[in-house]
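Remarks on the overall topology
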Amino acid sequence: MAYRIAADAGGGAADIEIFIKVTPNAHADLVGAVELQADGTLRLAVKVRAAPEDGAANKAVIKLLAKEFGIAKSALAIRRGETSRMKTVSAPDSEALRARLSAL
């Protein structure tokens, strides 16, 4: 799985952490398949046309994932990997999102 459920320590709603590998400067914006990385982790392949300059690629990733999963952009956040291709994005937990991620 390229995601995990992260329970809120304060007893609030859980989040889903989505592990992604971003390819900036791609020919098209797209969410690809889950890929096995050299370190043995699974990551969702995400390609964006934006360049990795001034946060443009990160903004494009959030916009693309929001559209792909039917979630508001404001509900998504990059938790780890702001300056890396390997990122962890958090989203509110829902059955619909779990089903969509499991299908990839």
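Here's what I pulled together on the structure shown here.

Cut-offs and rules
- Residues numbered from 1 in each chain as written.
- Predicted model: local features only at pLDDT ≥ 70, side-chain atom pairs only at ≥ 80, totals over all residues.
- Heavy atoms only, no water.
- Helix = DSSP H or I, 4+ residues; strand = E, 2+ residues; numbered from the N terminus.
- Buried < 20%, exposed > 50% of the residue type's maximum accessible area, 1.4 Å probe, protein only.
- Areas by Shrake-Rupley, 256 points an atom, 1.4 Å probe, with all protein chains shown as cover.
- Lys, Arg positive; Asp, Glu negative; His and termini not counted.
- Charge placed at Lys NZ, Arg CZ, Asp CG, Glu CD.
- Pairing = 2+ DSSP bridges.

**So, the overall build of the protein**
Helix and strand content of the protein: two helices and six strands. Each helix (α) and strand (β) of the protein, taken in turn from the N terminus, gives the series β-β-β-β-α-β-β-α. Counting only residues that meet the buried cut, the protein has 38% of its 104 residues in that class. When the accessible surface of the protein is summed, it comes to about 6000 Å², and 51% of that surface belongs to carbon and sulfur atoms. Averaging the positions of the 15 positive and the 12 negative side-chain charges in the protein gives two centres separated by 4 Å.

**Here we look at unusual backbone geometry**
Phi at Asn-25 is positive, roughly 60°, even though this residue is not glycine. By the element assignment, Asn-25 lies in the loop between strand E2 (15-23) and strand E3 (30-36). Note on Asn-25: relative accessible area 52%, which makes it exposed. If you check the backbone angles, Asp-54 has positive phi at about 55° while not being a glycine. With respect to the helices, strands and loops of the structure, Asp-54 is situated in the loop between strand E4 (42-47) and helix H1 (56-69).

**Topic: the pairing of E2**
Judged from the four bridges that link them, strand E1 (residues 3-6) and E2 form a sheet pairing that is antiparallel. The partner of Ile-5 across the bridge, within E2, is Ile-16. Where E2 lies against strand E6 (residues 86-92), seven bridges are found, and the strand directions are antiparallel. The residue of E6 that forms the bridge with Lys-21 is Met-86.

**Quick notes on the side chain of Thr-88**
With respect to the helices, strands and loops of the structure, Thr-88 is situated in strand E6. The class of Thr-88 is buried, set by a relative accessible area of 5%.

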